2 protein chains.
Amino acid sequence: MTDLTLYSMPASGNSYKVRLLLALEGRAYTHVPIETNTQELAEAKAAGHLPLGKLPALHLPCGTVLTESNAILWYLGAGTGWVPEDALEQAQMLAWMFFEQNRHEPVVAVRASLATYPHLAHEATPERMAALLDEGHTLLDLMEDALDGRDWFCGPSPTLADIALYAYTHTAGPRGGFDMDRFPRLTAWCARVAALPGYVGLSDG
Amino acid sequence: MTDLTLYSMPASGNSYKVRLLLALEGRAYTHVPIETNTQELAEAKAAGHLPLGKLPALHLPCGTVLTESNAILWYLGAGTGWVPEDALEQAQMLAWMFFEQNRHEPVVAVRASLATYPHLAHEATPERMAALLDEGHTLLDLMEDALDGRDWFCGPSPTLADIALYAYTHTAGPRGGFDMDRFPRLTAWCARVAALPGYVGLSDG
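Treat the numbers as computed from the prediction; the structure is a model and nothing was measured. (Residues numbered from 1 in each chain as written. Chains lettered and ligands numbered in written order. Predicted model: local features only at pLDDT ≥ 70, side-chain atom pairs only at ≥ 80, totals over all residues. Heavy atoms only, no water.)

Engineer: Describe the sheet that holds strand 4 (residues 65–67) of chain A, with residues and values.
Structural biologist: Residue and element names in this part refer to chain A. Taken together, the four strands give an open sheet; going across it, the order is 2-1-3-4, and neighbouring strands pair in mixed fashion. Each of the sheet's edge strands pairs with one partner strand only, and the pair in question is strand 2 (30–33) and strand 4. The sheet shows a mean angle of 20° between the axes of neighbouring strands, taken without regard to direction. In the sheet, strand 1 (residues 5–8) pairs with strand 3 (residues 57–59) via three bridges, with the strands oriented antiparallel. For Tyr7, the partnering residue across the bridge sits in strand 3 and is Ala57. (Pairing = 2+ DSSP bridges. Helix = DSSP H or I, 4+ residues; strand = E, 2+ residues; numbered from the N terminus. Axes fitted to C-alpha atoms, helices over the stretch in contact; angles between N-to-C directions.)

Shown next as structure tokens:
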């Protein structure tokens, strides 16, 4: 028995973010893996385990269920070195996390999903895939520029912003078809994240 | 002279959120209004006033420029009654704010933009508008359910979550064409926000 139960989708970057932070923090948890488009997912929704209908969802011992990957990161990171103490630095970190959910994920992750999942293939028209490629490269350019002269997105050490951005960026090449050779700083940053003590990969455990 | 300068788009809900919180807090600021698709917008981007290329952007006296509407709310709300002190309550508030940016804005606000802006009319196909209508009603249903027995989205008093969600919800009927008669709790909640001391509307100064 552990005090945390995480419902998460093994191949989803949003779910992976939470597993990654739990691993980096060495926190024990019970994992309930649920694949997309399955009876298990329908049952978990019907049972009320996913309040806003989405994975990941973190169940706390007090009965509260937290949703939204980046909000779960906030809860787990509060009071640790993953969250700066200063309100302005917190806002700068959150800006990258909102950027990730509003602009990055709907392009970089969506293109990877369209390229990967057979049940979405009919939506992957050449025009849409080309537009997503262009827009994704523009967003990755913004991230590349932000890493000019720095190792991490906010401040001198890794924060939740790095975990949130890493989830779909490190698979943007192989899954999404983005040209990561154009982004040497992002590539080096991905290697720095993967070298953090306790790191687990997307497909690990 | 004031210590804050806000670049904001008058008709944009994301920009309005920040103006609303500044008004509710009685904070003075210099407003630089910039309309979409204008020379002023291109010039502000070229001058580096909008680091991630988007409005709103808040310029602080220290020279830092904050982007992402909900991150700006966090900075302005820190240490006030708009942000709960407990990390779990903060995470629950942020969950609604990430929901707003990842799920609500790309549907509710986008449908309003497609219906309103002539330069986007070619994207407003009947199929797309119908799909956005259905998805928006589903999202508004989740919000309606969350207000069962409560006046505000998190805790007993209004938080940043209410401001973030209000921006595009209060215009979802007139601008987006959503059927707000289906959502009596949301309608009453909108009236509560509009009755807060210091409130300004989307089109006010």
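Moving on from the model shown.
Engineer: Describe unusual backbone geometry, listing the residues and the values that go with them.
Structural biologist: A cis geometry characterises the amide bond from Leu55(A) onward to Pro56(A), with omega recorded as 0°. With respect to the element layout, Pro56(A) can be found in the loop between helix 2 (39–46) and strand 3.

Engineer: Explain the domain arrangement of chain A to me, and be specific about the residues and the numbers.
Structural biologist: Residue and element names in this part refer to chain A. Domain annotation for chain A reports domain 1 (5–77) and domain 2 (87–194). For domain 1 versus domain 2, the distance between C-alpha centres works out to 21 Å. Tallying the contact residues gives 17 residues for domain 1 and 17 residues for domain 2. Summing the contributions of domain 1 and of domain 2, the shared interface buries around 1400 Å²; its carbon and sulfur component is 65%. Area buried by domain 1 at its contact with domain 2 is led by Lys17, Asn70 and Trp74, which between them contribute 34% of it. Our enumeration of links across domain 1 and domain 2 arrives at one salt bridge. For Glu100, the salt bridge is made with Lys17, and the minimal N-O distance between the two is 2.8 Å. Counting across the interface, domain 1 meets domain 2 through nine residue pairs in polar contact (both at pLDDT 80 or more). It is helix 1 (residues 13–24) that contributes the most residues to the side of domain 1 that touches domain 2, seven residues altogether. Among the residues making up the side of domain 1 that touches domain 2, the classes are represented as seven nonpolar, eight polar and two charged. (Domains from an automatic or database assignment. Contact = heavy atoms within 4.5 Å. Buried area = accessible area lost by both parts, 1.4 Å probe. Salt bridge = Lys/Arg side-chain N within 4 Å of Asp/Glu carboxyl O. Polar contact = N/O pair within 3.5 Å; in protein donor to acceptor, adjacent residues only side chain to side chain. Nonpolar A, V, L, I, M, F, W, Y, C, P; charged D, E, K, R; others polar.)

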